[in-house]
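Examining the three-dimensional arrangement
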Amino acid sequence: MSESTDGRRRSVPAGTYRLQVTADFTLDDAASVAGYLADLGVTHAYSSPLLRSAAGSTHGYDTVDHAHIDEPRGGRAGLDRFVAALHSSGLGLVLDLVPNHMGVSDPAESGWWWDLLQHGRDSAHADAFDVDWDFGGGRIRIPVLGSADDVSKLEVVGHELHYYDNRFPIAPGTGQGTPQEVHDRQHYELVDWRRADDQLNYRRFFAINTLAGLRVEDPEVFRATHALVVELVENGSVDALRIDHPDGLADPKGYLERLAEATGDRWTVVEKILEPGEELPASWKTAGTTGYDALAEVDDVLVDPAGEAAITALDTELAGAPVDYAQLVHDCKREVTDGMLGSEVARLHRIVGELPGVPAEQVTEGLAELLASFPVYRSYLPDGREHLDETVAAVKRRRPDLTAAVEALHPLLGTAGTELATRFEQTSGPVMAKGVEDSAYYRWARFVALNEVGGDPARFGTTVAQFHAAQQHRAEVKPASMTTLSTHDTKRSEDVRARLAVLAEQPTEWAQLVRRLLDRHPLTDRSLAHLVWQNLVGAWPLSRERAHAYVEKAAREAGTSTTWTNPVQEFEDQLHALVDAAYDDATTHAEIEEFVARIAPFGYSNSLSQKLLQLAMPGVPDVYQGTELWDFSLVDPDNRRPVDYARRRELLARLDEGWVPPVDETGAAKLLVVSRVLRHRRDHPEAFAGYTALEATGAAADSVVAFDRGGVVAVATRLPVRLAATGWGDTALQLPTGAWRDLLTGARVVSAAGGAPLTEVLAQLPVALLVRD
């Protein structure tokens, strides 16, 4: 490998490509696409977690052994072949790490967890897990029983205790007597699964009982869980890192400092969800986030704020009253504090103990209200202290009856580094995620294109000036932060959102269609029906099976008419009948087909624009697997389907022969945009070192967003429906004077004193990537 290529691998990536490595798409499969990724223009493959995970894991975020590469994914030998293929193509590797938790669904798979259950506090790995031993009489509560009576169904098999297919260790010298007597002597207690909501005594990832929290703040735990990763960095296999869920860690800042020291300050990004306007702590040793904040900036500038009133009126009509989104978020978060994360709130209360003059129930209520009212995912004291102060004031206004409780809690929660303050910070993030992303986003169906991770559904679009201000800030503060439009966790893929953005420009037509559909196929939960119809139209055409799987998940996540733990069969039958009608009712099917055919071209325009903006804006652009062509995926697991790389290679080869494709259903136009921007970023990084907003003049000036990165100009169409009605007319882009060439089409345009006419700049495509000719 040449020195220059090796240097490219080791520096900040110019572009990354996310691969979901699984038992069905192994490391050898990933190796087979290395040449294609190099041709596409990225400098680094970006892999999902690769350490040994729970049997059958499709995502890898449930590590069971930090010392080995997952064998079903290819094992260490497969990783070595993958890395060799990357290096031979001049590419590096970004690896996804999961420091916050590990998988414990099968204790026998996780040696650490097995040892903990067998030896309790005396386990060599007791310090690795976050267990409140004093609560529960020194025993870890494992919520696996169908009911409390199921203790009678336990069996002793050799040196193990079995409950159906679940296996647990038996402590030395405790295997005598009945299975129930043996169970009573263990360092763990098998309990009814329903007790997980309020009686668990170990930290979890969110409310997933089979993902146990790790204490990587302990230097020994950090060393043990990161030894293999550090080895892979040192031997050149891994060049950069992505850190999963830093908000779960007791000390994210300390963790990142330790990681940077251990890995030689490699480019590292964190999966941190920033609320609009929120900043990463400046002291963190990280290049930035994984890009959800950038996703929101790009999406929002393509949504027409003029559609808000009509879209909101439809939502009010369907909901039966105006929806107060802030109140909805609060109420959803309270359902979480009072339900699935009740164990975490109870643990906070145990740490607080008694507060003089404050009844115990008010302490719990005060903690729950503070968690439900916290405006961001979490603070990192002393960073973010202002969020706690604002939240205390807000709770006192909302609940004056809790004034004494929250005033007493305020100084305790605001003291950095204490167990209480740290655990509150570790809890507020899961409350936000489960209450907002996995609940409120499914309940408020006003305009689901905005219901995306890192976004704000209440903010209906932004102006071009606001977009430019955000990018100038990004260039100044976190120029090497990742940008993205789709991930394995987004609620809808980028092209679904791009098509749905068109509805803001055609709100009347959309409302008329929705009313007809609801009249013909009534559903008792009309807001959910609105959400379903938006997603079907956004992803159409999709298979019946995909549609049914999506609506079941959406309905149960919303939790308004059916739930995961208590499915309401009658309602779900009605919901599935609605989906079937989209395929089987001739009138309904025809209306959907006609409406989608009408808005799809405008959706294509939005897709190309958002992709160009994301790839060319400040930051390190990531392309999620398969999204270099149109990708109309919904929430997981729909967005983790196999990718047809043979088709992508074929289209890329045609583009490289000089073909300028039409904007049609093949998606080749998107592949053209992706490959040309990525290649130019890779080959000419100096052309992407600045940021200057470019103005337009003329009647359609509001339909373009353009900027100069310092040698290359990105030009993108916005509000394409409005533009179709007027055309560009006399609208001109204020390019510096002289000749320019479009890297997408090869077309040559000249900018004179009045600028470059957009009828020429965007004559073939709704986007352009211009360089000096």
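Within each chain, residue numbers correspond to sequence positions counted from 1 in written order. Per-residue local features of the predicted model are confined to residues with pLDDT of at least 70, and side-chain atom pairs are confined, for both listing and counting, to 80 or more; whole-chain, interface and lining totals are unaffected and use all residues. No hydrogens and no water enter the side-chain calculation; it runs on all heavy atoms of the structure.

Brief notes about the pattern of salt bridges
If the charged atoms of two oppositely charged side chains come close together, the side chains can form a pair. In the sections that follow, a salt bridge refers to a side-chain nitrogen of Lys or Arg positioned within 4 Å of a carboxyl oxygen of Asp or Glu. For the coordinates displayed, the defined rule picks out 71 salt bridges. We note a salt bridge from Arg640 to Asp489, for which the minimum N-O separation is 3.5 Å. With Arg640 in the loop between strand E18 (620-624) and helix H25 (645-656) and Asp489 in the loop between strand E17 (482-483) and helix H19 (494-501), this residue pair connects regions lying 151 residues apart in the sequence. Burial here depends on accessible area, computed with a 1.4 Å probe over protein chains only, as a share of the maximum for the residue type. Under 20% is buried, over 50% is exposed, and the range in between is partly exposed. A relative accessible area of 24% places Arg640 in the partly exposed class. Judged by relative accessible area, Asp489 falls into the partly exposed class, the value being 26%. The partner of Asp580 in a salt bridge is Arg544, with the nearest N and O atoms 3.0 Å apart. Of the two residues, Asp580 sits in helix H23 (residues 569-584) while Arg544 sits in helix H22 (residues 544-558), which places them 36 residues apart along the sequence. For Asp580, a relative accessible area of 25% translates into the label partly exposed. Several salt bridges converge on common partners, so that one network encompasses Arg334, Asp338, Glu365, Glu369, Arg399 and Asp401. A helix here means a DSSP run of H or I that spans at least four residues, while a strand means a run of E at least two residues long, and both kinds are numbered starting from the N terminus.

What about the environment of Ala687?
For Ala687, the location among the structural elements is in the loop between helix H26 (668-683) and strand E19 (692-694). A C-alpha to C-alpha distance of 5.8 Å links Ala687 and Val712, two positions 25 residues apart in sequence. Once you skip the residues sitting within four places of it in the chain, Ala687 turns out to touch His680, Arg709, Gly710, Gly711 and Val712. The contact criterion used is simple: two residues touch if any of their non-hydrogen atoms lie within 4.5 Å.

Describing the sheet that holds strand E10 (residues 166-169)
Note on pairing: two strands pair once DSSP finds at least 2 bridges between them. Spatial strand order, E8-E9-E10: 3 strands in an open sheet with antiparallel pairing. What marks the edges here is a single partner per strand, and that holds for strand E8 (155-157) and E10. If you compare each strand with its neighbour and ignore which way they point, the axes differ by 35 degrees on average. Here 4 bridges tie strand E9 (residues 160-163) to E10, and the two strands are oriented antiparallel to one another. Across the sheet, the residue bridging to His162 is Arg167, located in E10. The axes are straight lines fitted to the C-alpha atoms, using for helices just the contacting stretch, and the angles between their N-to-C directions are given from 0 to 180°.

With respect to unusual backbone geometry
Residues Leu381 and Pro382 are joined by a peptide bond in cis, for which omega reads 5 degrees. As for its placement among the helices and strands, Pro382 is situated in the loop between helix H14 (360-373) and helix H15 (385-398). Of note, the bond from Asp636 into Pro637 is cis; its omega dihedral lies within 30 degrees of zero at 5 degrees. On the secondary structure map, Pro637 appears in the loop between E18 and H25. With a phi angle near 50 degrees, Phe206 is a residue other than glycine that sits in the positive phi range. Looking at the secondary structure, you find Phe206 in the loop between strand E12 (204-205) and strand E13 (208-213).

Focus: the sheet that holds E19
With antiparallel pairing, 6 strands are arranged side by side in an open sheet as E19-E21-E22-E27-E24-E25. Either end of the sheet is taken by a strand with one partner, and the two such strands are E19 and strand E25 (748-751). This sheet shows a mean twist of 30 degrees between the axes of neighbouring strands, independent of strand direction. Judged from the 3 bridges that link them, strand E24 (residues 738-742) and strand E27 (residues 767-772) form a sheet pairing that is antiparallel. Within E27, the position partnered with Arg741 by the bridge is Val771.

A few points about the nonpolar core
Among the nonpolar cores identified, the biggest contains 170 residues, and Leu19, Phe82, Trp113, Phe129, Ile140 and Trp510 are the most heavily contacted of them. Counting residues per element, this core draws most heavily on helix H24 (residues 586-616), at 11 residues. For Trp113, the contacting residues outside a window of four places in its chain are Val104, Pro107, Phe129, Ile140, Ile142, Tyr202 and Ala212. Joining through side-chain atoms within 4.5 Å is the link that ties buried Ala, Val, Leu, Ile, Met, Phe, Trp, Tyr and Cys residues into a set, and such a set is a nonpolar core. With 24 residues, the next largest nonpolar core counts Val336, Val345, Leu370 and Val406 among its residues.

A closer look at the pairing of E24
When E24 meets E25, the two strands line up antiparallel, connected through 4 bridges. Residue Trp740 lies in a different strand from E25, and its bridge partner there is Val749. Between E24 and E25, which pair antiparallel and follow one another directly, the connecting turn spans 5 residues, one of which, Gly746, has a positive phi of 85 degrees.

Here we look at the packing of aromatic side chains
A pair of aromatic rings is counted whenever rings of Phe, Tyr or Trp (Trp by its six-membered ring) have centres within 6.5 Å, and the orientation is called stacked for planes under 30 degrees apart, edge-to-face for over 60 and tilted otherwise. Using the criterion set out here, one finds 18 aromatic pairs in the structure. An angle of 35 degrees between the planes, with centres 5.6 Å apart, marks the rings of Phe168 and Tyr188 as tilted. One end of the pair, Phe168, is in strand E10; the other, Tyr188, is in strand E11 (residues 188-192), with 20 residues separating them in the sequence. When sorted by exposure, Phe168 lands in the same class as Tyr188, which is buried. For the ring pair Phe222 and Tyr255, a centre distance of 5.7 Å and an interplane angle of 70 degrees mean the geometry is edge-to-face. Residue Phe222 is found in helix H8 (residues 219-234), and its partner Tyr255 is found in helix H9 (residues 252-263); the two are separated by 33 residues along the sequence. Judged on exposure class, the residue Phe222 and its partner Tyr255 are both buried. One aromatic cluster in this structure is built from Tyr17, Phe25, Tyr36 and Tyr645. Put simply, a charge is over a ring when the Lys NZ or the Arg CZ is close to the ring centre, within 6 Å, and near the line of the ring normal, within 35 degrees. Arg18 extends its terminal NZ or CZ atom over the ring of Tyr46, reaching a point 4.7 Å from the ring centre. Directly above the ring of Phe632 sits Arg499, whose terminal nitrogen or CZ lies 4.5 Å from the centroid.

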